[in-house]
Amino acid sequence: SQTIHQWPATLVQPVGSPLSLECTVEGTSNPNLYWYRQAAGRGLQLLFYSVGIGQISSEVPQNLSASRPQDRQFILSSKKLLLSDSGFYLCAWSLGSGRNQPQHFGDGTRLSIL
Amino acid sequence: AQTVTQSQPEMSVQEAETVTLSCTYDTSENNYYLFWYKQPPSRQMILVIRQEAYKQQNATENRFSVNFQKAAKSFSLKISDSQLGDTAMYFCAFTPQGGSEKLVFGKGTKLTVNP
């Protein structure tokens, strides 16, 4: 069966520090991968998605970037965090074929910027 | 623009009763897929039920069912025999057929099941 791992679960970082959140999927090949941010009291906002190694699409202009160095690894990064980067970050995967395939989410990372 | 609207920020229901969460969406696509996700206090997002727009029959998954009205662009979720474990945020989402497999989410409805 497929599983998705996301870490760390919580992170407290000072303004201006770098960021690296990692997400890995097991049990499937060539998944679509996604990074979402969920601000307090709001729905999910899609930040990045990837349909293959090295292929990254950005949905909103921002201070963050994403990379996919391996088929089942998706990394969310920042060189300098802003206060507005605080939030709950969710990684998700779906099968690469068929738009009826649901997305499956990791447990999320709660990021607090001080 | 493709949007999803959940007009009920919060709802509550007594245990064992039935509750309906509303969702409307706006799209110019003819075929698409609709989903309800549940996010309990643990924050994990869990798929509850899904519906394909070209299917007229409403999807059902145990105590969860949907009322899909394509012409009205409405996709409500009915929870029967509510249980305490149903307490969660519920998100409606859809993915259009065109373009990538992106999900467009509503802002969610916070459901509380009272004992």
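Shown above is the structure to which this text applies.
Residues numbered from 1 in each chain as written. Chains lettered and ligands numbered in written order. Predicted model: local features only at pLDDT ≥ 70, side-chain atom pairs only at ≥ 80, totals over all residues. Heavy atoms only, no water.

1. Focus on the pattern of salt bridges
Thinking step 1. The full count for this structure, using the stated rule, is 5 salt bridges over all chains.
Thinking step 2. Here A:Asp71 makes a salt bridge to A:Arg68, at a shortest N to O gap of 3.3 Å.
Thinking step 3. In this structure A:Arg68 comes out as buried when scored by relative accessible area, which is 3%.
Thinking step 4. For the salt bridge of B:Lys73 with B:Asp26, the shortest nitrogen-to-oxygen distance reads 3.7 Å. Residue B:Lys73 is found in the loop between strand E8 (64-69) and strand E9 (74-79), and its partner B:Asp26 is found in strand E4 (residues 24-26); the two are separated by 47 residues along the sequence.
Thinking step 5. Given the relative accessible area of 36%, B:Asp26 is considered partly exposed. (Salt bridge = Lys/Arg side-chain N within 4 Å of Asp/Glu carboxyl O. Buried < 20%, exposed > 50% of the residue type's maximum accessible area, 1.4 Å probe, protein only. Helix = DSSP H or I, 4+ residues; strand = E, 2+ residues; numbered from the N terminus.)

2. Notes on the sheet that holds strand E3 (residues 19-26) of chain A
All names here are of chain A.
Thinking step 1. Pairing within the open sheet is antiparallel, and its 4 strands lie in the order E1-E3-E8-E7. The open sheet has two free edges, formed respectively by strand E1 (3-7) and strand E7 (65-70), since each of these has just one partner strand. Direction aside, neighbouring strands of the sheet carry axes that sit 20° apart on average.
Thinking step 2. Here E3 runs beside strand E8 (residues 73-78); their pairing, made up of 6 bridges, is antiparallel. In the strand pairing of E8, Leu19 is matched with Ser78. (Pairing = 2+ DSSP bridges. Axes fitted to C-alpha atoms, helices over the stretch in contact; angles between N-to-C directions.)

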